[in-house]
Amino acid sequence: MSVWQRLSFHHDRTRDRRILDLFDDPKRAEGFSARLGDMLFDYSKTNIDLAGRDLLLALAEDAGVAARREAMFAGEPINETEGRAVLHTVLRNLDASVVVDGTDVMPEVRDTHARMVAFCKDVRSGAYTGQGGRITDVVNIGIGGSDLGPAMAAIALSPYADGPRVHFVSNVDGAQIAETLAPLDPTTTLVIVASKTFTTIETMTNAETARAWMKSAVDLPAMQFAAVSTSAERTAAFGITPERVFGFADWVGGRYSMWGPIGLSLMLSVGPENFDAFLAGGAAMDAHFRTAPLSQNIPVMLALVGIWHHQICGHATRAVLPYDQRLSRLPAYLQQLEMESNGKRVAMDGATLERTAGPVVWGEPGTNGQHAFYQLIHQGQQVVPCEFLLAAQGHEPDLVRQHQLLVANCLAQSEALLRGRSLEEATARMADQGLSGAELDRQARHRVFPGNRPSTTLIYPKLTPFVLGQIIALYEHRVFVEGAILGINSYDQWGVELGKELATALGPVVTGEVSAEGKDGSTRALVEFVRAHA
Ligand code: F6P
């Protein structure tokens, strides 16, 4: 019998038991958690027991996760469909030594990092200016991996922001760039065009718009543009001087790229030292991932908990619930990281997968979500495994009481999900309020919480640059482990191609240059509506 089958039987045998009963073991919380320094990952409020964990660990062993992990760090071409290495980890570990296709990749990585630091120092000190004076604002134009990482981190690290204000434009919807640029002074704004390929239609369109905006106010718009890309030819063709082009190699996947030049806007905002602390946090998680025994390894256990909930228990989604307002964009960031990486249907060899590869990832910060969708999480019929994130301390020394309330709410939610409230308890409460008979029965039923709903909590002292680096690297490695166990390539994204191709073909149809003939009836009708109302 395969380990997958044994896990499935184990789940059948244990599915109806109460997770709360597992806490009869006084060491449950300690035994079902993993640590890295001050960071604690608690997965004791799940229905995973010792036997279940052993089986999950066997999945990781059987899939050769450890060997594959070392292949990744060594620069082997584990992105097999694109024939590329997967080496974003070297961007945060500048002392690494990695050779790809006979070339030591590190001198260029170090050189680019040093050039980023020098440029950021110049911008932040005022040595590099716009045509109207010191740079006050930076606009990062990019989308997907060229936007979500730095945009998420700029909010997360706002207490450390002491450089120019940073803004992010991603959508091809002109509303975003129009609203972003409107209050800015083009003469003191730096525009960063961030695109791995430098061909992405949204980014190139927004870059043209920004250039026209800049041109209306300064003589030399190109002087206030920088670029981040793997294509030196295309950045040159756009007119950006090589001095302000920060390159990276194709072995850095877009959604894994915030550690290098794609993080330029973040470095400008928080400064090179804080950016380097972010890198150090990522490197610390890498070292933990490579050396901690699998059962004590946070990324491995986070991945195995994910596999238990999605592939074994069949829960279709997972909610990421940061009790940390500054992680408000983390769910969106993780949607790309996890769903673009593991939202696949075939294995590395092209065979159809036997089980669905990845859940739908969604979420919002607490406590806001509590007043929105938690109703379904507590009483809806589908189970949503919840991943809470929580800092022991906030950044607002005058608002300690508010942070305590935030902490209490986070802990209360995982406790409520675990315990629930039985019909007897609900009935007793309503009886205390004076209800009786059929009305008591009816009202009590609405107040029952099934409980026994799984959650994990990742808790850390404070959301510093170092801790943010740990968190992001943790999730990257979680994706890696899940992908390795499922036998898929987490590093390509062919699923985004068809929509791009059709959008290119539909462009002239929308403008009326080309007929909608040959399109399906719905698309023709929608095009007709747009043409009539545009
Ligand atoms: O959506 C597909 C994708 O290729 C992502 O993987 C990537 O992060 C994004 O587009 C942006 O690509 P680029 O950085 O090349 O503009």
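Treat the numbers as computed from the prediction; the structure is a model and nothing was measured.

Structural notes on the pattern of salt bridges
Okay, so step 1: Considering all chains together, one arrives at 24 salt bridges under this definition.
Okay, so step 2: The salt bridge partner of Arg84 is Asp250, with a shortest N-O separation of 3.5 Å. Separated by 166 residues along the polypeptide, Arg84 in the loop between helix H4 (65-74) and strand S3 (99-100) and Asp250 in the loop between strand S11 (245-247) and helix H10 (264-270) bring together distant segments of the chain.
Okay, so step 3: Its relative accessible area of 24% is what places Arg84 among the partly exposed residues.
Okay, so step 4: Residue Glu387 pairs with Arg318 through a salt bridge whose shortest N-O separation is 3.9 Å.

A short note on the UniProt feature "active site" (unreviewed entry) in the protein chain
Okay, so step 1: Under the local residue numbering, the UniProt record ascribes the feature "active site" (unreviewed entry) to Glu340, His371 and Lys500. Spanning 161 residues, the named residues are also spread out in space, since their farthest C-alpha pair is 36.8 Å apart.
Okay, so step 2: Of the residues examined, Glu340 reaches a relative accessible area of 22% and is grouped as partly exposed.
Okay, so step 3: If we skip the residues at most four places from it in the chain, Glu340 touches Arg255, Gln335, Asp492, Gln493 and Val496.
Okay, so step 4: Here His371 lies in the loop between strand S13 (360-362) and helix H14 (374-379).
Okay, so step 5: The class of His371 is exposed, set by a relative accessible area of 70%.

A word on the sheet that holds strand S10 (residues 225-229)
Okay, so step 1: Reading across the sheet, the five strands line up as S8-S7-S9-S10-S11 and stay open at both edges, with parallel pairing between neighbours. The strands lining the two open edges of the sheet, one partner per strand, are strand S8 (165-169) and S11. Recorded for the sheet is a direction-independent mean angle of 20 degrees between the axes of neighbouring strands.
Okay, so step 2: In this structure, S10 lies alongside S11, joined through three bridges in parallel fashion. Directly across from Val228, in S11, lies its bridge partner Phe246.
Okay, so step 3: Its contacts with the sheet place helix H7 (residues 174-181) against strand S7 (137-141) and S8, and it is angled at close to 165 degrees to S8.

What counts as what
Residues numbered from 1 in each chain as written. Predicted model: local features only at pLDDT ≥ 70, side-chain atom pairs only at ≥ 80, totals over all residues. Heavy atoms only, no water. Salt bridge = Lys/Arg side-chain N within 4 Å of Asp/Glu carboxyl O. Helix = DSSP H or I, 4+ residues; strand = E, 2+ residues; numbered from the N terminus. Buried < 20%, exposed > 50% of the residue type's maximum accessible area, 1.4 Å probe, protein only. UniProt positions renumbered as here; feature names shortened; annotations may be inferred. Contact = heavy atoms within 4.5 Å. Pairing = 2+ DSSP bridges. Axes fitted to C-alpha atoms, helices over the stretch in contact; angles between N-to-C directions.

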